[in-house]
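Structural overview for review
If you want the building blocks of each chain, they are given just below.
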Amino acid sequence: MSTSQLTLELERLAKFSDTPAPSVTRVVYSPTDMQAREYFKGLCLAAGLEIREDAAGNTFARWPGTEPDLPAVATGSHIDAIPHAGAYDGTVGVFGGLEAIRLLQRQGMRCKRAIELILFTSEEPTRFGIGCLGSRLLAGVLDASAGAKLRGKDGLTLDEARQAAGFTGTLESVRLNPGVYSAFVELHIEQGPLLEQEDLPLGVVTAIAAPASLRVQVDGEGGHAGAFLMPHRHDAFLAAAELALAVESSVKATGVIDTVGTTGVCDVFPGAVNSVPSRTRLEIDIRDIDGARRDQVIENVRAASVEIAARRGVRFTIETVNADAPATCAPEIVEALSNACEQAALPYRKMVSRAYHDSLFMAQLAPVAMLFIRCKGGYSHRPDEYSSPVDIAAGSKVLAATLADLALR
Ligand code: HGY
Ligand code: MN
Ligand code: MN
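Residues numbered from 1 in each chain as written. Chains lettered and ligands numbered in written order. Predicted model: local features only at pLDDT ≥ 70, side-chain atom pairs only at ≥ 80, totals over all residues. Heavy atoms only, no water.

**Details of the pairing of strand 3 (residues 59-63)**
Stated formally: Only protein chains enter the accessibility calculation, which uses a 1.4 Å probe. A residue is then buried if its area is under 20% of the maximum for its type, exposed if over 50%, and partly exposed in between. The way it works is that DSSP assigns letters per residue, a run of H or I at least four long becomes a helix, a run of E at least two long becomes a strand, and they are numbered from the N terminus. Any two strands are treated as partners once DSSP identifies two or more bridges connecting them.
Most of strand 3 is tucked away: four of the five residues are buried. When strand 2 (residues 50-53) meets strand 3, the two strands line up antiparallel, connected through four bridges. Looking across to strand 3, one finds that E50 is bridged to R62. The turn linking strand 2 back onto strand 3 is made up of five residues, and G57 within it adopts a positive phi angle of 100 degrees. In the sheet, strand 3 pairs with strand 6 (residues 115-119) via five bridges, with the strands oriented antiparallel. Pairing of R62 across the sheet is with E116, part of strand 6.

**Considerations on the packing of aromatic side chains**
Just so we agree on the cut-off: Here is the rule: rings of Phe, Tyr and Trp (six-membered ring for Trp) pair when centre to centre is within 6.5 Å. Planes less than 30 degrees apart are stacked, more than 60 are edge-to-face, and the remainder are tilted.
Enumeration over the complete set of coordinates arrives at seven aromatic pairs. Ring geometry for Y88 versus Y386: centroids 5.9 Å apart, planes at 85 degrees, classification edge-to-face. Taken together, the positions of Y88 in the loop between strand 5 (81-85) and helix 3 (91-106) and Y386 in the loop between strand 17 (368-373) and helix 12 (389-407) put the pair 298 residues apart, joining distant regions of the chain. The class of Y386 is partly exposed, set by a relative accessible area of 35%. By the ring-pair criterion, three or more aromatic residues cluster together here, those being F16, Y39, F40 and F95.

**Observations concerning the packing of helix 10 (residues 331-343) against helix 12**
Definition in use: Each axis is a line fitted through C-alpha atoms, and for a helix only the stretch in contact is used; angles between axes span 0 to 180 degrees, taken between their N-to-C directions. Convention used here: angles under 35 degrees read as roughly parallel, angles over 145 as roughly antiparallel, angles from 65 to 115 as roughly perpendicular, and any remaining angle as oblique. In this scheme the handedness of a crossing depends on how the near helix is turned from the far one: anticlockwise by less than a right angle means left-handed, clockwise means right-handed. Any two residues whose heavy atoms approach within 4.5 Å at even a single point are treated as in contact.
Two elements in contact, helix 10 and helix 12, have axes whose closest approach is 9 Å; the angle formed by their N-to-C orientations is 130 degrees. In this view, helix 10 runs oblique relative to helix 12, as classed from their interaxial angle. In the packing of helix 10 onto helix 12, the handedness of the crossing is right-handed. Contacts between helix 10 and helix 12 involve I333, A336, L337, A340 and C341 from the first element and V398, A401, T402, D405 and L406 from the second.

**Some points on the coordination of the manganese ion (ligand 2)**
Selection rule: Because water is not among the atoms used, a metal site may look incomplete, as its donors are only the N, O and S atoms within 2.8 Å, or 3.2 Å for Na, K and Ca.
Taken together, the protein ligands of the manganese ion (ligand 2) are D89 (OD), E124 (OE) and H381 (NE2), with distances of 2.0 to 2.1 Å. Mapped onto the sequence, the residues coordinating the manganese ion (ligand 2) show the spacing D-x34-E-x256-H. Separation of the manganese ion (ligand 2) from the manganese ion (ligand 3) amounts to 3.6 Å, with D89 serving as a shared donor to the pair. Here the residue D89 occupies a position in the loop between strand 5 and helix 3, and E124 occupies one in the loop between strand 6 and helix 4 (133-139), the gap between them amounting to 35 residues. A residue is classified by how much of its surface remains accessible, and D89, at 7% relative accessible area, is buried.

**So, the layout of surface pockets**
Test applied: A pocket here means an open set of points on a 1 Å grid, computed over the protein atoms alone, that has protein on both sides within 12 Å along at least five of seven lines. A cavity is instead a set of points where a 1.4 Å probe fits but cannot get out; residues with an atom within 4 Å of a point line either one. Grid points are joined across faces, edges and corners, and a volume is the space filled by probe spheres set on the points. Only Asp, Glu, Lys and Arg are considered charged, only Ala, Val, Leu, Ile, Met, Phe, Trp, Tyr, Cys and Pro nonpolar, and every remaining residue, Gly among them, polar.
One number sums up the size of the second largest pocket: a volume of about 310 Å³. Forming the walls of the second largest pocket are 18 residues, and the residues nearest its centre are L10, E11, A14, A87 and Y88. Elements that contribute at least two residues to the lining of the second largest pocket include exactly helix 1 (3-14) and helix 12. The dominant element in the lining of the second largest pocket, judged by the number of residues it contributes, is helix 1, at four residues. Taken together, the residues of the lining of the second largest pocket sort by class into eleven nonpolar, four polar and three charged.

**Considering the pattern of salt bridges**
For clarity, the threshold we go by: Salt bridges, as used here, are contacts in which a Lys or Arg side-chain nitrogen is within 4 Å of a carboxyl oxygen on Asp or Glu.
All chains considered together, the criterion is met by 26 salt bridges. Among the salt bridges present, the one from E99 reaches R106, with a minimum N-O distance of 2.7 Å. We note a salt bridge from D384 to R382, for which the minimum N-O separation is 2.8 Å. The class for R382 is partly exposed, based on a relative accessible area of 34%. A network of salt bridges, in which partner residues are shared, links E9, E99, R102 and R106.

Okay, structure coming up:
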């Protein structure tokens, strides 16, 4: 395993960022995202892989097998990064997947099935407000009409932004049919502390938590911070703040550690220190490994908004952007990953993914499973996100063995 080459490539990739090191910011279709994609495609071409890009910008790098009519085995992840993120979320699955293929090539391996490495477009919700945009479109979970409906803060729709980036064609053409792949395996950092706490380098994922996100607009009454007296106010920020606290209390009320809720975006209008907020926008993320329990939390948050609105004389508009079912990983892929860990004498544990991933939607096209790599402190979506070269190499090595196992079947 040429650990150093993979490490150097990940370090080079991290430089394609809109914020200074050690943070990484790489939003879909941005110039830094396009430069990073070019870098990735160059490495794939150097490895002799056949490349195609679809109308959304999902990028496919294929290592042909000896029996081209058989459905390929697929692997991959994402390289887009939320603002002020780290260098390893998603990228170890794309570049570690490329290294896995190169490892098999160096071993002189020839597989029956092709192995296809996928760089999924826009796994992060940063620009268009919904995560896993590329894999949703591949799986047909998101309708092509989203191209005209989804709009970034810069005012461009998904269609306008992707076409400006050179991804033309129709979004209808993105969808793949079930059976197109015989398996999908994603390598990813854990983004949690479990593996480090148990001193394990690797984790085999058996289920992926169910994500949901809400977009909330609160309309109140603005006015002069000095002359608008308190008894007459309908402050749109304070009502929003109460709803954010209601998210926290509704989540904690389940009494289950697997339920989580976050209000990660809060925009206050007009945003002047001496002006009472007339409008506030929130983006709320609620997850659980149990879909029904998560949906009950959403209902409780909606109920809280009704009470707050009546008491404060404001209006809430709550849109459910997505409320996806959890995914169960395929036992046969879980077993293949577990066998590969044991063959490599690498300790591992089975576990649930609390983050969502493109695997969640690829599960609608093929049997899936994921391999986690230990990360320092469990930190992620922050500049100090870190996985060691040794652990990343171990993940790529086990991924290679698993892909070969599945591609020889
Ligand atoms: O938010 C997530 O779970 C993923 O990292 N986008
Ligand atoms: Mn992420
Ligand atoms: Mn990720």
